[in-house]
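Chain by chain, the residues run as shown.
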Amino acid sequence: MSSRLTVLDFPRFKAEKRPIVCVTAYDYTFAGLLDDAGVDLLLVGDSLGNVIQGHETTLPVTLDDMIYHTKAVVRGSRRAFVACDLPFGFCHRSAGIVLEASIRVLKETGAQAVKVEGGEAVVDAIRALTELQIPVLAHVGLTPQAVHAFGGFKVQGRGEAADKVLADAVAVERAGAFAVVLEGIPSPLAEKISKRLTIPTIGIGAGPGCDGQVLVVYDLLGLYDGFKPRFVKRYLEGGALIRQAVAQFADEVRSRRFPDEGHGFNE
Ligand code: KIV
């Protein structure tokens, strides 16, 4: 058995007030780097629809896409807990379909949990999964799979709508989720939810009052220019560094400075 974090570590982190570090990952190499850096939870998010596949929304992502990327992330990591997003459409269907999809995820990829977007509307799916011992990471607030219902990527839970997000968070905890992502909601609301729930909250665009934080790795490293939400902090200007490195390679190839003697075989 590997020495990965398990579903039991997350409530312990909350009890110890130790913030949970979560980053998205989509491939073997990044998974290894993030794991080495000490990330607790690698989320194979359906945000791969944006940053890997170039779609405007996450809706076109398929279960096969998620399984393909999750396999690579599990192979690349050793310590982090790995969760895989269930793509759009599954939790709106029968419990049987959700279970079948989640069983495929756990069986074929080695991931330890599935992530499910939605609150009260998906509690039957969460209950069906957790009753069959499939750990669920829930996700409420600005759930990107509901982009059309929200009329765009808009902050949720402002004013009177706060009660709805709170009710969603309470509902997913009661249904058995082991943790919940709070996305795109006002910071005071996220703090209130984090205090109210016994399970950990992992925030993205939800302020500092959550029990952990998650960022999309391409945003964190400055690799994705498609859309830069205000809550993103770039820890590297990776895009600029890559352009500079590849331009230097191109220049050296054109000027015949690469390869030099040291980068070849004499015999
Ligand atoms: O798909 C994703 O990457 C996510 C995170 C941003 C929470 O859902």
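Up top is the structure these notes are about.
Residues numbered from 1 in each chain as written. Predicted model: local features only at pLDDT ≥ 70, side-chain atom pairs only at ≥ 80, totals over all residues. Heavy atoms only, no water.

Draft legend 1. Expanded view of the sheet that holds strand 3 (residues 81-85). Pairing within the closed barrel is parallel, and its 8 strands lie in the order 1-2-3-4-5-6-7-8. Across the sheet, the mean angle from the axis of one strand to that of its neighbour is 25 degrees, orientation sign disregarded. Of the pairings in the sheet, the one linking strand 3 to strand 4 (residues 113-117) comprises 3 bridges and is parallel in character. Residue pairing for strand 4: Asp85 is matched across the bridge by Lys115. (Pairing = 2+ DSSP bridges. Helix = DSSP H or I, 4+ residues; strand = E, 2+ residues; numbered from the N terminus. Axes fitted to C-alpha atoms, helices over the stretch in contact; angles between N-to-C directions.)

Draft legend 2. A look at the site of the ligand. Surrounding the ligand, one finds Thr24, Leu43, Gly45, Asp46, Ser47, Asp85, Lys115, His139, Val181, Ile204 and Val216. Side-chain polar atom of Asp85 to an oxygen atom of the ligand: 3.2 Å apart, as the coordinates give it. Between an oxygen atom of the ligand and a side-chain N or O atom of Lys115, the distance comes to 3.0 Å. With the chains in place, 96% of the 260 Å² that the ligand exposes on its own is no longer accessible. Looking at side-chain class alone, the shell around the ligand contains 4 nonpolar, 4 polar and 3 charged residues. (Near = heavy atom within 4 Å. Polar contact = N/O pair within 3.5 Å; in protein donor to acceptor, adjacent residues only side chain to side chain. Areas by Shrake-Rupley, 256 points an atom, 1.4 Å probe, with all protein chains shown as cover. Nonpolar A, V, L, I, M, F, W, Y, C, P; charged D, E, K, R; others polar.)

Draft legend 3. Here's a closer look at the pairing of strand 5 (residues 136-141). Counting buried positions along strand 5 gives 6 out of 6 residues, so the element sits mostly inside the fold. For strand 4 and strand 5, the ladder comprises 4 bridges, and the chain directions are parallel. Among the inter-strand pairings, Val114 is bridged to a residue of strand 5, identified as Val136. Regarding topology, helix 6 (residues 123-131) serves as the crossover connection from strand 4 to the parallel strand 5, and that connection is right-handed. Two elements, strand 5 and strand 6 (residues 179-183), share 5 bridges in a ladder whose sense is parallel. Bridge pairing in strand 6 places His139 opposite Val181. (Buried < 20%, exposed > 50% of the residue type's maximum accessible area, 1.4 Å probe, protein only. Right-handed = clockwise from strand over helix to strand, strands pointing away.)

Draft legend 4. Geometry of a nonpolar patch on the surface. Together, Ile242, Val246, Phe249, Val253 and Phe258 line one region of the surface with nonpolar side chains, adding up to about 430 Å² of accessible area. In this structure, Phe258 sits in the segment after helix 11 (238-254). (Patch = residues over 30% accessible without salt bridge, like charges linked within 9 Å, V, L, I, M, F, W, Y side chains within 5 Å. Salt bridge = Lys/Arg side-chain N within 4 Å of Asp/Glu carboxyl O.)

Draft legend 5. Fine view of the side chain of His139. The topology assignment puts His139 in strand 5. A residue is classified by how much of its surface remains accessible, and His139, at 4% relative accessible area, is buried. Residues in contact with His139, not counting those within four places in the same chain, are Lys115, Val116, Glu117, Gly118, Pro144, Val180, Val181 and Glu183. (Contact = heavy atoms within 4.5 Å.)

Scope: geometric values only; no functional claims are made or implied.
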